[in-house]
Amino acid sequence: MSVPWLKGPQKRAAPGRVITTPSTQAFLGGVKDATGKTTEYSPMIPTYVESCTSDRYLNPNLRLLVSSCYHKMCESCIDRLFTLGPQGCPMCGKILRKMAFTPQTFEDLVVEKEVAVRRRIAKEFSKRREDFSDLRSYNDYLEEVEDITFNLINDRDKVETEARIAKLRVENAALTELNIQREEREAAIVRAEEERVQREQLERAEEARLLEEDERMEREREKQGIIDILQSTDKSATKVIAKSRAAAQKRALRKAPTAAAQASTSAAANTAARMRSTVKDEPHVPFTDDWYTHQDKFVLRTQYGDPGTDALVRDLVGRDVLRAGGYDIREAWDRAIRTSVVGLAVQPIPNTSPESAMLSAV
Amino acid sequence: MVTAIPSAVPNDAFSASPSHSPYEASTQHKHWRYSRTALDEQRASLNSAAVHVIRNAFEIDDPGSSNAISFLSPADEYLLVKLYISKVGQLCAHFHMPEVVEATACSYIRRFYLRNTVMDWHPKNVMLTAIFLASKTTNHPIPLEQYASHIPNTTPSDVLDLEFLVAQSLGFEFVVWHAHRALWGIYLDTQTLPDISFHTIHDAYIASVAHVRASRLSDAELIYTPSQIALACFHIAAPVLAEQWAKAKGESDVISLLPAISDMILQEGKPPDLERVREIDKRLKICKNPEKVVGTKAYLKKQAEEEAKAKEKREKKAAEIRALEDARDPFGGELDPEGAAKIERAKQLDEDDD
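Chain B carries the name Cyclin-like domain-containing protein in an unreviewed UniProt entry, which gives Hydnum rufescens UP504 as its organism.

An unreviewed UniProt entry lists chain A under the name RNA polymerase II transcription factor B subunit 3, from Hydnum rufescens UP504. Recorded under Subcellular location (unreviewed entry), the UniProt text for chain A is reproduced unchanged: "Nucleus".

Now the structure itself:
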């Protein structure tokens, strides 16, 4: 019996790489991603295996695989238990084969199970709003599908649920076929788009590289040209160099507009697309009020003789033990002085009757 | 860039006049300001109303007993409150609370007893609650367990029971402007005056601080503004300097107010005579409102009354909902969303206002 995952260190996948062991390909219920972007979930955290009581501390290369009944087991356990043929799962007793183990994709096995169930259901029941005459029947269909899914995920009424699935399948056979085709077409379109974008990027990179190459060659030729001229003529070296530089500049100016034009057209297209989606920016109306701040009554200094806050200001106790970030003693001084000038002009309420000394004398 | 800034508020709604200052917009200025006579009247009327109510409460308990009881006079109440205000300082020092907590608590107690009477609520509990509340509102909070455990014979519920009542009596107006901060401002600002030595200012300040503490025991905060009180305290310690500063601020009018404030502080700023207060406390034990004392007939009667009221309200609400449901079409379903919404609203509304 082939044991692909135990074939030694060279077969061990680095965390993050996609695993394509036969079991992944065979087990249809697991998360099998054709694009190759899904990676195995393999946390380097202490993990305990129930079936053999070993854990990652003792064996850092421990790899847990998931059974079709969603129980986790390490590879050595699987090897030990299932090499001689189908056995019952040590946790729940369901008969399993050695092939029926997949690597884990999600941290939570409940999620893994749910994803598997939903994948299966989505493949079979994928009708859309357009396939129904009215909203009510569409909602009824969705509710039926969701009910089935829920029952499957939570292992409720297995027999009944399977019957419902069969019934629905029969009802929707024709439409399901159409929908599958439709989905494939859409997936193809998306793939084509992606490829196009990738190709464009490659092309652009290639162009840029070529351009650079050309420039380099150009400069080399120039230098060689100058050297040749200097060798052959008696003209002054500086004049020769100046002439060649002027010629080079003219050439660069001629080329620059075209290159810039190319870049600007693509940039303009991008910004135009972005502009259409942004919201208009209206002029800001600041909040205006007319509080009398008493600012004319005093001038705040940067320094006062204030022994009470000396320790605070000079932070004598230690680095920022007394002060928080942004603290400024001048704000406290400002508030104090403002309090002392505010309300000086307020007249007390006059007595309505002749002053009684009833309570004041105590 | 922008030439004319459109204003959200038309500019002639307010003018930058001195009356549109932050202090004069504060609740302290708007709601907690009295003349001396108004204060006396307020306390007198409060006292007589309280005596009337308590007399009736005593009558329920034991007809004819109330004639023998001598209720507290407004002056007695004032004295008792003053004693407990004077104790706030010690307690706050015990918890190492900053001065603003102490000042705020004193203000809270003083304002509380402009709305309530000593015969209903003993100032000792009000003091504890006021300090706890002040520590929270001035952003120097202290955990309740820690607070209660450091005060002998106090449980957390003693402090919490009165908290809502105190807050309500304050009108939920918790921010108080204090004279000690204004005094600090004067201390800093006098340093900008020419030809004054720091030493003079500092000595004057230290002396004035004691006067500000004394002013908390008087009614000054209910009549004058904190800056005026601070200036008066400074004036007691250094009259010439204070007047010089006031003139430099362009507020020479305030100088005429200062003697009245100084008199008030010097005369009323002393803690009351303990013997008199002890005697008042003894009398208070007898004339306390029996409705607030657990177990008396009046208390039980009050409980029964409140129970009856609550029950009546509940029944009324249930009847209302029943009426709504009956009026609604039972087969309404989606066709009667309004009816359903009405019933939902009626169920959720909780009319606490009597």
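Draft legend 1. Region of interest: the overall build of chain A. Counting its secondary structure elements, chain A contains nine helices and five strands. Traced from its N-terminal end to its C-terminal end, chain A shows the element sequence α-β-β-α-β-β-β-α-α-α-α-α-α-α. Put simply, 54% of the contacts in chain A that link residues at least 6 apart link residues at least 24 apart.

Draft legend 2. Focus on the packing of aromatic side chains. Evaluated as defined, the whole model comprises 14 aromatic pairs over all chains. Judged by centre distance (5.0 Å) and plane angle (90°), the ring pair of phenylalanine 112 of chain B and tyrosine 113 of chain B falls under edge-to-face. Judged on exposure class, the residue phenylalanine 112 of chain B and its partner tyrosine 113 of chain B are both buried. Arranged with centres 5.8 Å apart and planes meeting at 55°, the rings of phenylalanine 164 of chain B and phenylalanine 172 of chain B form a pair that is tilted. Taking the relative accessible area as the measure of exposure, phenylalanine 164 of chain B reaches 53% and is therefore exposed. Here phenylalanine 172 of chain B falls in the partly exposed class, since its relative accessible area comes to 45%. Linked through ring pairs, Tyr108, Phe164, Phe172 and Phe174 of chain B together constitute an aromatic cluster. Directly above the ring of tyrosine 141 of chain A sits lysine 127 of chain A, whose terminal nitrogen or CZ lies 5.2 Å from the centroid.

Draft legend 3. Representation of the confidence of the model for chain A in the model. Residue and element names in this part refer to chain A. Of the residues in chain A, 77% reach a pLDDT of 70 or more, and the chain-wide mean stands at 78. At the low end of the mean pLDDT range in chain A sits helix H1 (residues 22-26), at 42; at the high end sits helix H9 (residues 329-341), at 94. Low pLDDT, under 50, characterises residues 6-29; the stretch is placed with 29 contacts to residues that sit more than four places away or in other chains.

Draft legend 4. Quick look at the interface of chain A and chain B. Taken residue by residue, the interface counts 43 residues in chain A and 59 residues in chain B. Between chain A and chain B, the buried area comes to about 4,500 Å², and carbon and sulfur atoms account for 63% of it. At the boundary of chain A and chain B, one finds one salt bridge. Here glutamate 251 of chain B makes a salt bridge to lysine 297 of chain A, at a shortest N to O gap of 3.2 Å. The tally of links from chain A across to chain B stands at 15 residue pairs in polar contact (both at pLDDT 80 or more).

Draft legend 5. Up close: the environment of phenylalanine 95 of chain B. Residue and element names in this part refer to chain B. Along the chain, the position of phenylalanine 95 falls in the loop between helix H3 (74-94) and helix H4 (99-112). In this structure phenylalanine 95 comes out as buried when scored by relative accessible area, which is 13%. Along the backbone, phenylalanine 95 and histidine 150 are 55 residues apart, and their C-alpha atoms lie at a distance of 8.5 Å.

Draft legend 6. Highlighting the sheet that holds strand S1 (residues 64-66) of chain A. All names here are of chain A. A sheet is described by the order of its strands in space; here three strands give the open sequence S2-S1-S5, paired in antiparallel fashion. Unpaired on one side and paired on the other, strand S2 (72-74) and strand S5 (102-103) mark the two borders of the sheet. Taken strand by strand, helix H2 (residues 75-82) contacts S1 and S2, and its axis lies near 90° from that of S2.

Basis of the calculations
Residues numbered from 1 in each chain as written. Chains lettered and ligands numbered in written order. Predicted model: local features only at pLDDT ≥ 70, side-chain atom pairs only at ≥ 80, totals over all residues. Heavy atoms only, no water. UniProt positions renumbered as here; feature names shortened; annotations may be inferred. Helix = DSSP H or I, 4+ residues; strand = E, 2+ residues; numbered from the N terminus. Contact = heavy atoms within 4.5 Å. Phe/Tyr/Trp six-rings, centres within 6.5 Å; stacked < 30°, edge-to-face > 60°. Buried < 20%, exposed > 50% of the residue type's maximum accessible area, 1.4 Å probe, protein only. Lys NZ or Arg CZ within 6 Å of the ring centre and 35° of its normal. pLDDT = per-residue confidence, 0-100. Buried area = accessible area lost by both parts, 1.4 Å probe. Salt bridge = Lys/Arg side-chain N within 4 Å of Asp/Glu carboxyl O. Polar contact = N/O pair within 3.5 Å; in protein donor to acceptor, adjacent residues only side chain to side chain. Pairing = 2+ DSSP bridges. Axes fitted to C-alpha atoms, helices over the stretch in contact; angles between N-to-C directions.

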